[in-house]
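The lines below spell out each chain.
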Amino acid sequence: MNILNLLKEDHREVKGLLEQMEKTTGRGARKRQQLWEKYRMAMLAHAHAEQRVFYQPLLQEGDDPETILEAEVEHQVVERLMDDIAMTDVSDDKWVAKITVLKELVGHHVKEEESSIFKEARKAFDRKQLDAMGEAFEQAKQEEMATA
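Residues numbered from 1 in each chain as written. Predicted model: local features only at pLDDT ≥ 70, side-chain atom pairs only at ≥ 80, totals over all residues. Heavy atoms only, no water.

A. A look at the packing of aromatic side chains. Counting across every chain of the model gives 3 aromatic pairs. Taken together, Phe54, Tyr55 and Phe118 form an aromatic cluster joined through their ring pairs. (Phe/Tyr/Trp six-rings, centres within 6.5 Å; stacked < 30°, edge-to-face > 60°.)

B. Expanded view of the environment of Lys31. Within the fold, Lys31 resides in helix 2 (residues 29-61). According to the relative accessible area criterion, Lys31 is partly exposed, its value standing at 45%. Along the backbone, Lys31 and Thr147 are 116 residues apart, and their C-alpha atoms lie at a distance of 24 Å. (Helix = DSSP H or I, 4+ residues; strand = E, 2+ residues; numbered from the N terminus. Buried < 20%, exposed > 50% of the residue type's maximum accessible area, 1.4 Å probe, protein only.)

C. Main features of the pattern of salt bridges. Following the criterion strictly, the structure yields 7 salt bridges and no others. The shortest N-O distance in the salt bridge between Asp10 and Lys141 comes to 2.9 Å. One end of the pair, Asp10, is in helix 1 (residues 3-22); the other, Lys141, is in helix 5 (residues 127-147), and 131 residues separate them in sequence. Just as Asp10 is buried, Lys141 falls in that class too. In this structure, the salt-bridge partner of Glu143 is Arg52, at a minimum N-O distance of 3.5 Å. Here the residue Glu143 occupies a position in helix 5, and Arg52 occupies one in helix 2, the gap between them amounting to 91 residues. You can call Glu143 partly exposed: its relative accessible area is 39%. Residues joined in a network through salt bridges with shared partners are Arg52, Glu143 and Glu144. (Salt bridge = Lys/Arg side-chain N within 4 Å of Asp/Glu carboxyl O.)

What follows is the structure, given as structure tokens:
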């Protein structure tokens, strides 16, 4: 499958998990923890695989390295916030506030990625290359999940 479609699927999945976490109450600590663990694994696997399989080739072949570098920095900021959330007790009132900020950061990143970065990828790579990247992305995600 085309990498752009796979990335969009992942974006919808993590958005849904963030929305579910944001709607939990303090009494749902077990549910929060389960959602968080699922989100964290999915997001880290996605981001690391995307970095390797999508961003690096696009940096080499694309015409807009600044946008790709900005996206990489956004990944780093999201990971740092995720580390902070992981150290926050799920029953803490700040936990949901941090999830809300994470959701906003990820939403901003996804919007930029699905517009300008995907447009750049369509110019830099043909359909066959995007399909091959999709296969490599799925493999890289599985490797990331296996080591998590």
